[in-house]
Amino acid sequence: MGSPVRILHAVVNMNRGGAETLIMNLYRHLDRSAVQFDFLTSYEGEFDAEIVSLGGQVHRLPALKEVGHFQYLKAVNDFFKTNKQYSVVHAHMDKMSGHILSSAKRHGVPIRIAHSHSTSSEGHLAIRSYKWYTGQKINKAATDRLACSQSAGSWLFGRSVNFKKINNSIDSESFEYCHEKRMNARKEFGLSEEHFVLGHVGRFSQPKNHTFLIHMFLKVVTHIPNARLLLVGEGPLKGHIMSLVERLKLEEHIVFLGKRSDIPEVLTGCDAFVFPSLYEGLPVSLVEAQASGLPCLVSDHVTHEIDIGAGLIQFLTLRESEQWVKSLIALERNRPKRQSQHERVVEKGFNILETATALQSFYLKRLKEVSHDKTDGLHANI
């Protein structure tokens, strides 16, 4: 058997974000004798060691914000000038993918994939303007367009541009509810069965809307003194949120868990999942929460495509936190029987093995088409 096809994934870093977790889930379930993943990043990431153990390579570019526009573009061009082995570049940097894909096109990479994971850009006006400028290159440079949801694709590529939807799938069997794991998780966090435990998984950044979450939870505690909130994640706004929790005297009610690799166990220990994001592509964490059988209170800014139809999602407005409070009080008074949703996750197309197989087939099919086109062009010149 020949060497596997090597796919170059362009990301900022390989930490435990939603897109990065999806990529790693796909990587673990591929036939790596046929397809291998390599990574082009700007920062070290938590998954780097695992990538290397699976046979992947991690390349490093300087970060744009540290070296500036022109030095960054030079570094990207130097990379593709030096690394000619890639026939597929798969970029996951939303609008910033424009720089990567334009350079890949300039240096003759035949398959250039833009993958949308969001519906908006982070940052202040100047940063968003720069991202808009960079994003204008994408449709000219990309040969293929993928998105996690209809809204994510329309945002990055435009409503009239065709793209292929790739579900943010999970290993749903690992999220099956287990009462013993629930009790172990609660014991680890110093919680009893009497506590009403809310969970949230997300990077401490502006889109995740932690400020709303904390102020809303303060109201919950006035009605449910035994309520607790587990916050999983890291990020630039974590210090600010911790200070807010201190000012509101919620320290004994809120547990900051940091980065975790045992999300199935954390979710098993919860009674409900809260997700008040300002915008999202299609959040993996909500697929995981539903797979675990958790009732989920979700911002109506999140695409309804996330609902797997298990009756677990309530979409609520961010204009009125009282609706969230009332829904949580109702859940606490009448806690629904917990049931895992593995079969429904599979039925709705969020099974990681099926998605990984489909993506692998997509890569190989596109490579075959490109090879065929080159052969036709050669014959035409004879």
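Residues numbered from 1 in each chain as written. Predicted model: local features only at pLDDT ≥ 70, side-chain atom pairs only at ≥ 80, totals over all residues. Heavy atoms only, no water.

### Notes on the overall build of the protein
What the protein contains, in helices and strands, is 16 helices and 13 strands. Over its C-alpha trace the protein gives a radius of gyration of 22 Å, about what one expects of a compact globule, namely 21 Å for 382 residues. Referenced to the eigenvectors of the C-alpha coordinate spread, the extents of the protein come out at roughly 80 × 45 × 40 Å. Counting only residues that meet the buried cut, the protein has 54% of its 382 residues in that class. (Helix = DSSP H or I, 4+ residues; strand = E, 2+ residues; numbered from the N terminus. Rg over C-alpha atoms; globule rule 2.2 N^0.38 Å. Buried < 20%, exposed > 50% of the residue type's maximum accessible area, 1.4 Å probe, protein only.)

### Brief notes about the nonpolar core
Formed by 85 residues in total, the largest nonpolar core has its most connected members in Phe37, Phe80, Ile100, Phe273 and Tyr363. When residues in this core are grouped by element, the largest group, 7 residues, is from helix 16 (residues 352–381). Contacts of Phe273, omitting those with residues within four sequence positions, involve Gly199, His200, Val201, Leu267, Ser285, Leu286, Ala289, Leu294, Pro295, Cys296 and Leu297. Counting 29 residues, the second-largest nonpolar core is a separate cluster that includes Phe196, Leu213, Leu316 and Leu318. (Core = buried A, V, L, I, M, F, W, Y, C linked by side-chain atoms within 4.5 Å. Contact = heavy atoms within 4.5 Å.)

### A look at the sheet that holds strand 5 (residues 111–116)
A sheet is described by the order of its strands in space; here 7 strands give the open sequence 3-2-1-4-5-6-7, paired in parallel fashion. Whereas interior strands pair on both sides, the edge strands pair on one side only; in this sheet they are strand 3 (58–60) and strand 7 (164–165). Judged from the 6 bridges that link them, strand 1 (residues 5–10) and strand 2 (residues 35–41) form a sheet pairing that is parallel. Along strand 2, the bridge assignment pairs Ile7 with Phe37. (Pairing = 2+ DSSP bridges.)

### What about the packing of helix 4 (residues 69–82) against helix 5 (residues 97–106)?
Between helix 4 and helix 5, whose axes approach to 9 Å, the crossing angle comes to 45°. Taken together, helix 4 and helix 5 sit at an angle that is classed as oblique. Judged by the twist between their axes, the crossing of helix 4 over helix 5 is right-handed. On the side of helix 4, the interface is formed by His69, Tyr72, Leu73, Val76, Asn77 and Phe80, while helix 5 contributes His99, Ile100, Ser103, Ala104 and Arg106. For the contact of helix 4 with helix 5, the class distribution of residues is 6 nonpolar, 4 polar and 1 charged. (Axes fitted to C-alpha atoms, helices over the stretch in contact; angles between N-to-C directions. Parallel < 35°, antiparallel > 145°, perpendicular 65-115°, else oblique. Left-handed = near helix turned anticlockwise from the far one by under 90°. Nonpolar A, V, L, I, M, F, W, Y, C, P; charged D, E, K, R; others polar.)

### Re the packing of helix 10 (residues 210–223) against helix 14 (residues 321–333)
At a minimum axis separation of 9 Å, helix 10 and helix 14 run at an interaxial angle of 45°. By the angle between their directions, the pair helix 10 and helix 14 is classed as oblique. When you trace helix 10 past helix 14, the crossing you get is right-handed. For the pair formed by helix 10 and helix 14, the contact residues are Phe212, Met216, Lys219, Val220 and His223 on the first element and Ser321, Glu322, Trp324, Val325, Leu328 and Ile329 on the second. Class assignment of the residues belonging to the contact of helix 10 with helix 14 gives a composition of 7 nonpolar, 2 polar and 2 charged.

### What to know about the side chain of Lys208
Examined against the element boundaries, Lys208 turns out to sit in the loop between strand 8 (196–201) and helix 10. Since its relative accessible area comes to 14%, Lys208 is described here as buried.

### Concerning helix 11 (residues 238–247)
Every buried residue of helix 11 is listed here: Lys238, Ile241, Leu244 and Val245. Down the axis of helix 11, the buried set is contained in an arc of 120°. They therefore lie on one face. Turned more than 90 degrees from where helix 11 packs its buried face, Glu246 and Arg247 sit exposed. Turning to helix 11, the residues buried within the fold contact helix 10 and strand 10 (254–258). Looking one or two places after helix 11, you find Lys249, whose phi comes out positive at around 60°. (Arc of directions from axis to C-beta.)

### Brief notes about the confidence of the model for the protein
On average, residues of the protein score 94 in pLDDT, and 97% of them reach the 70 mark or higher. The low-confidence segment residues 377–382, where pLDDT is below 50, has 0 contacts with residues more than four positions distant or belonging to other chains. (pLDDT = per-residue confidence, 0-100.)

### Concerning the packing of aromatic side chains
The full count for this structure, using the stated rule, is 11 aromatic pairs. Plain terms: the ring middles of Tyr130 and Tyr133 are 5.9 Å apart, the flat faces sit at 55° to each other, and that makes the pair tilted. Pair noted here: Tyr130 and Tyr133 are both in helix 6 (residues 125–135), with a separation of 3 residues, about one helical turn. Within the aromatic cluster, the residues linked to one another by ring pairs are Tyr27, Phe37, Phe39, Phe362 and Tyr363. The ring of Trp155 carries the charged tip of Lys95 above its face, separated from the ring centre by 4.6 Å. (Phe/Tyr/Trp six-rings, centres within 6.5 Å; stacked < 30°, edge-to-face > 60°. Lys NZ or Arg CZ within 6 Å of the ring centre and 35° of its normal.)

### As for the environment of Gly309
In this structure, Gly309 sits in the loop between strand 12 (296–299) and strand 13 (313–316). According to the relative accessible area criterion, Gly309 is partly exposed, its value standing at 41%. Spatially, the C-alpha atoms of Gly309 and Gln341 are 10.0 Å apart, while their sequence positions differ by 32 residues.

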